[in-house]
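# Coordinate analysis (summary)
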Amino acid sequence: EADIYQTPRYLVIGTGKKITLECSQTMGHDKMYWYQQDPGMELHLIHYSYGVNSTEKGDLSSESTVSRIRTEHFPLTLESARPSHTSQYLCASSEGGGAGNQPQHFGDGTRLSIL
Amino acid sequence: AQTVTQSQPEMSVQEAETVTLSCTYDTSESDYYLFWYKQPPSRQMILVIRQEAYKQQNATENRFSVNFQKAAKSFSLKISDSQLGDAAMYFCAYTYSNTGKLIFGQGTTLQVKP
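This text gives an overview of the structure that appears in the document. (Residues numbered from 1 in each chain as written. Chains lettered and ligands numbered in written order. Predicted model: local features only at pLDDT ≥ 70, side-chain atom pairs only at ≥ 80, totals over all residues. Heavy atoms only, no water.)

### A closer look at the state of the cysteines
Evaluation of the coordinates by the stated rule reveals 2 disulfides over all chains. A disulfide bridge connects Cys23(A) with Cys91(A), and the sulfur atoms are separated by 1.9 Å. Measuring the twist about the S-S bond at about -75°, one finds the Cys23(A)-Cys91(A) disulfide to be left-handed. With Cys23(A) in strand β3 (residues 19-25) and Cys91(A) in strand β9 (residues 87-94), this pair connects stretches of sequence that are 68 residues apart. By the burial criterion, Cys23(A) is buried, and Cys91(A) matches it. Cys23(B) shares a disulfide with Cys92(B); S-S distance 2.0 Å. Taking the torsion about the sulfur-sulfur bond, which here is approximately -70°, the covalent link between Cys23(B) and Cys92(B) counts as left-handed. On the criterion of sequence distance, the pair formed by Cys23(B) in the loop between β3 (19-21) and β4 (24-26) and Cys92(B) in strand β10 (residues 88-95) is long-range, its members being 69 residues apart. For the pair formed by Cys23(B) and Cys92(B), the shared burial category is buried. (Disulfide = S-S within 2.5 Å. Helix = DSSP H or I, 4+ residues; strand = E, 2+ residues; numbered from the N terminus. Buried < 20%, exposed > 50% of the residue type's maximum accessible area, 1.4 Å probe, protein only.)

### Looking at the sheet that holds β3(A)
One key point about sheets: their strands pair by backbone hydrogen bonds, in either a parallel or an antiparallel sense. Residue and element names in this part refer to chain A. Taken in spatial order, the 4 strands make up an open sheet running β1-β3-β8-β7, and their pairing is antiparallel. Edge positions in the sheet fall to β1 (4-7) and β7 (65-66), since each has one partner strand and no second. Inspection of the sheet shows β3 paired to strand β8 (residues 76-78) by 3 bridges, in the antiparallel sense. Across the sheet, the residue bridging to Ile19 is Leu78, located in β8. (Pairing = 2+ DSSP bridges.)

### Examining the side chain of Gln8(B)
Residue and element names in this part refer to chain B. Following the sequence through the fold, Gln8 ends up in the loop between β1 (3-5) and β2 (10-14). When its relative accessible area of 15% is taken as the criterion, Gln8 is described as buried. For Gln8, the residues in contact, after removing those within four places along its chain, are Thr20, Leu21, Ser22, Gly107 and Thr108. (Contact = heavy atoms within 4.5 Å.)

### Focus: the pattern of salt bridges
All names here are of chain A. Within this structure, the stated rule accounts for 8 salt bridges over all chains. Between Arg9 and Asp108 there is a salt bridge, and its shortest N-O distance comes to 3.8 Å. Of the two residues, Arg9 sits in the loop between β1 and β2 (10-13) while Asp108 sits in the loop between β10 (105-106) and β11 (110-114), which places them 99 residues apart along the sequence. With relative accessibility at 29%, the residue Arg9 sits in the partly exposed group. A relative accessible area of 29% means that Asp108 is categorised as partly exposed. (Salt bridge = Lys/Arg side-chain N within 4 Å of Asp/Glu carboxyl O.)

### Overview of the pairing of β11(A)
Residues and elements named next belong to chain A. Going residue by residue along β11, you find Thr110, Leu112 and Ile114 tucked away on one face and Arg111 and Ser113 left uncovered on the opposite face. For β2 and β11, the ladder comprises 4 bridges, and the chain directions are parallel. Within the sheet, the bridge partner assigned to Ile13 lies in β11 and is Ile114. Examined bridge by bridge, β9 and β11 share 3 bridges and lie antiparallel to one another. Paired with Ser87 across the strands is Leu112, a residue of β11.

This is the structure we're talking about:
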């Protein structure tokens, strides 16, 4: 199994709260990704990073923000949670380099529910 | 724009039988990569198999193999000797750039009947 960890696994929280979803990997991967997945649906890329101090928005617009201060850590933050943010958030990482064929390793995901 | 389509929302197979999951994609790129990922219920998504577009030979991984038809832009997954542990949601995914950004299909839920 891949060494990529997400916390918390489940979070139920009220509207307006600030939330940080944690993602850490111990593989030394340069590239990291955040996906949003509604139940039984496809994954949509919301953020990615090529390395430290590099962050880019993904294909799906998101009100969340990310940071990449350390190689192993890629947290996602929602400043003011809303019910529309209810979803599963999956973190992934892959090796760097020029080839796009490096597989992504996924965490267990965080199921977020905003009341 | 690149798109990935999985037209089978659900499939079922008898244990020990063979099942094929379909995937088509649309791209104008000539060099790209295709993947099948497996997402068991409430468990980690894992890579099943991958295919480089420049390779004509179909990829195989034990009981899993693909039928890659580049001209038809088709990338189906065949699971032989299906096992109960194969039950999961399967996603077809595509990437063409060195960012590694994946575009996923809608997923196919596979049920394995004992």
